[in-house]
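Topology and contacts: notes
One letter stands for each residue in the lines below.
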Amino acid sequence: KVTESGGRFWALGYDSKAVPVPGELMLRQLPMAGLTQRFYAGAKFQGPYSAKIDAVPLGRWIDWPISGPFSCVWTGKIRIEQAGDYSFHFNGPNFSDIEVGGRLAERHGKLDAPLDTRLPQKVLSLRPGVYPIKVRFAATSQPYIELLWTAPDSAGKQVMIPPRLLEPELHF
């Protein structure tokens, strides 16, 4: 428990004695993690939408705010900490594509047709830094989805992208 007294903040230490809390800890703002999510009625990423910040689009059933065919776009930034080769994967029904740093990393299905096309997996050589990321997804039913990557330290396996590496756009 932290309390304020005499213009300073205090916390109870392990020995139940009040100890001052350094000011820099009290002013520290935790970064937001995840991507900005926009839902559209219809499968073509057009028209009115609802938006929110999503912790991360992965490994879960989605509770969509729209019934029937819909589309969704997640946008933001991804921080790459280690140089190397990366591939990105989106598992879900119907259509999806992923862009990282303005380059197409994966496309699954066709926007106006049933699932019948998957582009060969692209490997992106990335250097440490922050890159824009955009994930588009269209479906006719409420799906289970996963956003994964194969990173230099994942031993060749598809794994969840750590949410701390994703930063949402803050404007809707």
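Look a little higher up for the structure.
The paragraphs below set out a description of the structure included in this document. All values reported here derive from a predicted model rather than from experimental measurement.

A look at the pairing of strand 10 (residues 103-108)
Remark: a regular strand shows side chains that alternate across the two faces of the sheet. Inspection of the sheet shows strand 9 (residues 95-100) paired to strand 10 by 5 bridges, in the antiparallel sense. Residue pairing in the sheet places Ser-96 in a bridge with His-108 of strand 10. Linking strand 9 to strand 10, which pair antiparallel, is a turn of 2 residues; within it Gly-101 sits at a positive phi near 60 degrees.

Comments concerning the pattern of salt bridges
By the definition in use, this model includes 5 salt bridges. Residue Glu-169 is joined to Arg-38 by a salt bridge in which the shortest nitrogen-to-oxygen separation is 3.3 Å. A residue pair is termed long-range when its members are at least 10 positions apart, and Glu-169 in the segment after strand 15 (166-168) and Arg-38 in strand 4 (residues 35-41) qualify at 131 residues. Here Glu-169 falls in the partly exposed class, since its relative accessible area comes to 25%. The exposure class of Arg-38 is buried, given its relative accessible area of 9%. With its nearest N and O atoms 2.9 Å apart, the salt bridge here joins Arg-164 to Glu-81. Within this pair, whereas Arg-164 is found in the loop between strand 14 (159-160) and strand 15, its partner Glu-81 is found in the loop between strand 7 (70-80) and strand 8 (84-91), the two being separated by 83 residues in sequence. Each of Arg-79, Glu-81 and Arg-164 takes part in one network of salt bridges that share partners.

Conventions we followed
- Residues numbered from 1 in each chain as written.
- Predicted model: local features only at pLDDT ≥ 70, side-chain atom pairs only at ≥ 80, totals over all residues.
- Heavy atoms only, no water.
- Pairing = 2+ DSSP bridges.
- Helix = DSSP H or I, 4+ residues; strand = E, 2+ residues; numbered from the N terminus.
- Salt bridge = Lys/Arg side-chain N within 4 Å of Asp/Glu carboxyl O.
- Buried < 20%, exposed > 50% of the residue type's maximum accessible area, 1.4 Å probe, protein only.

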